[in-house]
Amino acid sequence: MDNLITIILICAAMSLLLNVVLKQVQVESVIGYILTGVAVGFAFDLQHSDSLDAIAEFGIVFLMFTIGIEFSPEKLRLMKREVFLLGPLQIAVTASIFFAIGHWWLGLSPPVNLIVCLALSLSSTAIVLNLLTKSRKISRRYGRNSVGILLFQDIAVIPILLMVSILAKSQQSVAQLILEVVYGGAVVFLLLFLGGRILTPFVLKHVIGTRSHELFVGGILVFVVGSAQLAHYLGFSHSLGAFLAGMVIAETQYKHQVVADMTPFRDILLGVFFITVGIQVDPLFVASNILTILALMLGLLVVKSAVLFAIVRLFNGTHTALKTALLLSQCGEFSFVVFETAQLNNIFVDSQQAQLLIMAIVMTMMLTPFIFRYLDPIAETLSREPEHRPGYGSDDVDLEVNERYVVICGYGALGQRVGARLDAAGIPFVAIEHDGRSFRASRDRGLPVYFGNAASRQFLEKINIDNARAVVVAMSNEPRILLVAQSVRAIAPDVPIMVCASNVQLGKELTDIGVPEPIDSVEQAAQALVQQLVDLELLQQDAPRPRE
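Reading the values: the criteria
- Residues numbered from 1 in each chain as written.
- Predicted model: local features only at pLDDT ≥ 70, side-chain atom pairs only at ≥ 80, totals over all residues.
- Heavy atoms only, no water.
- Helix = DSSP H or I, 4+ residues; strand = E, 2+ residues; numbered from the N terminus.
- Buried < 20%, exposed > 50% of the residue type's maximum accessible area, 1.4 Å probe, protein only.
- Contact = heavy atoms within 4.5 Å.
- Areas by Shrake-Rupley, 256 points an atom, 1.4 Å probe, with all protein chains shown as cover.
- Pairing = 2+ DSSP bridges.
- Axes fitted to C-alpha atoms, helices over the stretch in contact; angles between N-to-C directions.
- Right-handed = clockwise from strand over helix to strand, strands pointing away.
- Parallel < 35°, antiparallel > 145°, perpendicular 65-115°, else oblique.
- Left-handed = near helix turned anticlockwise from the far one by under 90°.
- Nonpolar A, V, L, I, M, F, W, Y, C, P; charged D, E, K, R; others polar.
- Polar contact = N/O pair within 3.5 Å; in protein donor to acceptor, adjacent residues only side chain to side chain.
- pLDDT = per-residue confidence, 0-100.
- Salt bridge = Lys/Arg side-chain N within 4 Å of Asp/Glu carboxyl O.
- Phe/Tyr/Trp six-rings, centres within 6.5 Å; stacked < 30°, edge-to-face > 60°.
- Lys NZ or Arg CZ within 6 Å of the ring centre and 35° of its normal.

1. Remarks on the overall build of the protein chain
Next up, step 1: From N to C terminus, the protein chain includes 24 helices and six strands.
Next up, step 2: Each of the 548 residues in the protein chain was classed as buried or not, and the buried ones make up 49%.
Next up, step 3: Excluding contacts between residues fewer than 6 apart, the proportion of contacts in the protein chain whose partners are at least 24 apart in sequence is 77%.
Next up, step 4: Within the structure as shown, the protein chain displays about 26,400 Å² of accessible surface, and the carbon and sulfur contribution to it stands at 62%.

Structure representation (structure tokens):
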């Protein structure tokens, strides 16, 4: 335990230092985490740590959970071409080409060749989705293509691992193995998806009713980790259970706040995952075989890019096909999972060839953030065809602010009056409310109110607050007003913010934040009272005096 804490502490300190330096030259943090793993693994001769691997796996778990939230069953139905056509075609064609190379050129035995070619056909869910999510390009056409193909790949990992068990000549028959998978899959689906759709909204409603944010976050953590563990117990991957759990949450009204609360857990654990990827790199081995590794890396990138471009181009323009192909050209984390399972079952190439493949895979993953950064210039250079952007985006999510909306932060008495006046004036608005009772009461009346924490920057980024027409902070709690104003101004520096200040000090602090003209509610009230008094005096002067 002490050794694990020491390793984590060293990794955290080194990754912090490296990423601060790399951010100065605009290098993605993924690279910093992988380099941290390389350095720690080399310095402490740490090639494998079961405890660290177990923690790192939950980075993928939380990533798949947040992706599941993005893709409800309805959206998955709308993406059936990307998931159930492009995905299978990509794996089938890529694996066939790699199988031919392994058979005719490398002379691999059929069982080993089949496992290797299927593992190499997989791309990195962790890196690609992390880049798309942070850049908010996941709803672009190439983003949707990439997500659809990655989702099918993650589902395909299950039969690939089953195939490894079959090739290992398990004592169980093939029919028995398949029956167990079908049975386990049905149980996972019924418990997590169908059961979760009934039970989860009921539980969340009562958790929200406690008005305790800690209980809300704790409840979501129990649901995510429990779903992942249930799937694992039934013979499936943790990530599949987490993905189904995310799809359940996608059906509720709390999904935006859930994403905002789970993002820090996801990002930290993904950092641990990338560190474990770097630990597998042996710098001395890389230095002595650098030309072979670079040739393997280039071959992997070229073959996968060519296959992806040819398949995606059948249904999309050249520009979109190029971006999708380049973005998914690397190999992924599940390649390591397949290789490790094959080694445990004594079905794999010799250690020298395995190490070469692992190094080439890691290098393709390290190259991906640089490819993503220059994706637009590369696509523009290789294709002059304009990018096709069909009408996805704001219609794909329950709440994604656009330039027509006024956003009301807080929907209590003041927020409701502001909303009513905006509605009367024909100005579209959406409101954000963090109190469970007020939220449910407003939704029951059919009002455009969404559950969320308006002071959370992750939540505001998620709904694209920078596209808002204006933001009205309709709250009475002074610290809360300041937090919301600071968060909005940090993400959307050009969006007008309307807010009432109940005293001079609050007005000064709001001005310092960047709210140019906070409304002085005391002054406004004083003016209204004086005006009412004046009107009353005038009425009394105009009134006829009673006769004596």
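There's more to say after this.
2. Topic: helix α6 (residues 110–120)
Next up, step 1: Most of α6 sits inside the fold, with eight of its eleven residues counted as buried.
Next up, step 2: Turning to α6, its buried residues are V112, N113, I115, V116, C117, L118, A119 and L120.

3. A few points about helix α15 (residues 318–327)
Next up, step 1: With respect to burial, α15 is a largely interior element, ten of its ten residues being buried.
Next up, step 2: Considered for burial, the residues of α15 that qualify are T318, H319, T320, A321, L322, K323, T324, A325, L326 and L327.

4. Observations regarding the sheet that holds strand β5 (residues 497–501)
Next up, step 1: Pairing in this open sheet of six strands is parallel, and the strands run β3-β2-β1-β4-β5-β6 from one edge to the other. Looking along the sheet, the strands with just one partner apiece sit at the ends: β3 (449–451) and β6 (519–520).
Next up, step 2: Pairing between strand β1 (residues 406–409) and strand β4 (residues 470–473): four bridges, direction parallel. Residue pairing in the sheet places V407 in a bridge with V471 of β4.
Next up, step 3: Its contacts with the sheet put helix α19 (residues 413–424) on β1, β2 (429–433) and β4, and the angle it makes with β1 is roughly 165°.

5. Details of the pairing of β5
Looking along a regular strand, one sees the side chains alternate between the two faces of the sheet.
Next up, step 1: Only one face of β5 is buried: it carries I497, V499 and A501, and the other face, with M498 and C500, is open.
Next up, step 2: As paired strands, β4 and β5 are joined by three bridges and run parallel to one another. Counted as the bridge partner of V471 is I497 from β5.
Next up, step 3: Considered for its hand, the β-α-β crossover made up of β4, helix α22 (residues 478–491) and β5 is right-handed.
Next up, step 4: Running through helix α23 (residues 504–513), the crossover from β5 to the neighbouring parallel element β6 is right-handed.

6. Comments concerning the environment of H434
Next up, step 1: Relative to the helices and strands, H434 is located in the loop between β2 and α20 (436–444).
Next up, step 2: Under the relative-accessibility criterion, H434 is labelled partly exposed at 27%.
Next up, step 3: Between the C-alpha atoms of H434 and C409, which are 25 residues apart in sequence, the distance is 9.2 Å.
Next up, step 4: Residues within four places of H434 in sequence aside, it is in contact with H213, Q257, F451, G452, N453 and R480.

7. Brief notes about the packing of helix α10 (residues 213–233) against helix α11 (residues 238–249)
Next up, step 1: Interhelical geometry of α10 versus α11 gives an angle of 135° and a closest axis separation of 7 Å. Taken together, the axis directions place α10 and α11 in an arrangement best described as oblique. For α10 against α11, the interelement crossing comes out right-handed. Between α10 and α11, the contacting residues are I220, F223, S227, A228, Q229, A231 and H232 on the first element and H238, G241, A242, A245, V248 and I249 on the second.
Next up, step 2: Of the residues belonging to the contact of α10 with α11, the class tally is eight nonpolar, five polar and no charged.

8. A word on the side chain of Q257
Next up, step 1: Within the element layout of this structure, Q257 appears in helix α12 (residues 255–279).
Next up, step 2: Since its relative accessible area comes to 0%, Q257 is described here as buried.
Next up, step 3: When near neighbours in sequence (up to four residues on either side) are disregarded, Q257 contacts H213, F216, H434, F451, G452, N453 and F459.

9. Thoughts on the environment of T200
Next up, step 1: Along the chain, T200 turns up in helix α9 (residues 174–209).
Next up, step 2: For T200, a relative accessible area of 9% translates into the label buried.
Next up, step 3: Considering only alpha carbons, one finds T200 and I220, 20 residues apart in sequence, at a separation of 9.7 Å.
Next up, step 4: When near neighbours in sequence (up to four residues on either side) are disregarded, T200 contacts F223, V248 and I249.

10. Considering the side chain of S123
Next up, step 1: For S123, the position within the fold is in the loop between α6 and α7 (125–135).
Next up, step 2: Residue S123 is classed as buried on the basis of its relative accessible area of 1%.
Next up, step 3: Looking at S123, its side chain comes within polar contact range of the side chain of K304, at 3.3 Å.
Next up, step 4: In contact with S123, not counting residues within four places along its chain, are L150, Q153, K304, L328, Q330, C331, G332 and E333.

11. Notes on the confidence of the model for the protein chain
Next up, step 1: Scored by pLDDT, the protein chain comes out at a mean of 81, with 86% of its residues at no less than 70.
Next up, step 2: Averaged over each element, pLDDT in the protein chain is lowest for helix α4 (residues 73–78) (68) and highest for helix α14 (residues 290–313) (94).
Next up, step 3: In the predicted structure, residues 386–397 sits below a pLDDT of 50 and forms 19 contacts with residues beyond four places in sequence or in another chain.

12. Remarks on the pattern of salt bridges
Note that side chains of opposite charge can pair when their charged atoms are close.
Next up, step 1: Taken as a whole, this structure holds four salt bridges when the rule is applied.
Next up, step 2: For R266, the salt bridge is made with D267, and the minimal N-O distance between the two is 3.2 Å.
Next up, step 3: According to the relative accessible area criterion, R266 is buried, its value standing at 5%.

13. Some thoughts on the packing of aromatic side chains
Next up, step 1: Scanning the entire structure with this criterion turns up seven aromatic pairs.
Next up, step 2: Note on Y411 and F429: the rings are 6.4 Å apart at their centroids and 20° apart in plane angle, and the pair reads as stacked. With Y411 in the loop between β1 and α19 and F429 in strand β2, the pair connects residues that are 18 residues apart, well separated along the chain. Across this residue pair, the class does not change: Y411 and F429 are buried.
Next up, step 3: Site record: aromatic cluster; members linked through ring pairs are F216, Y254, F439 and F451.
Next up, step 4: If you follow R443 out to its NZ or CZ, it ends over the ring of Y450, 5.1 Å from the centre.

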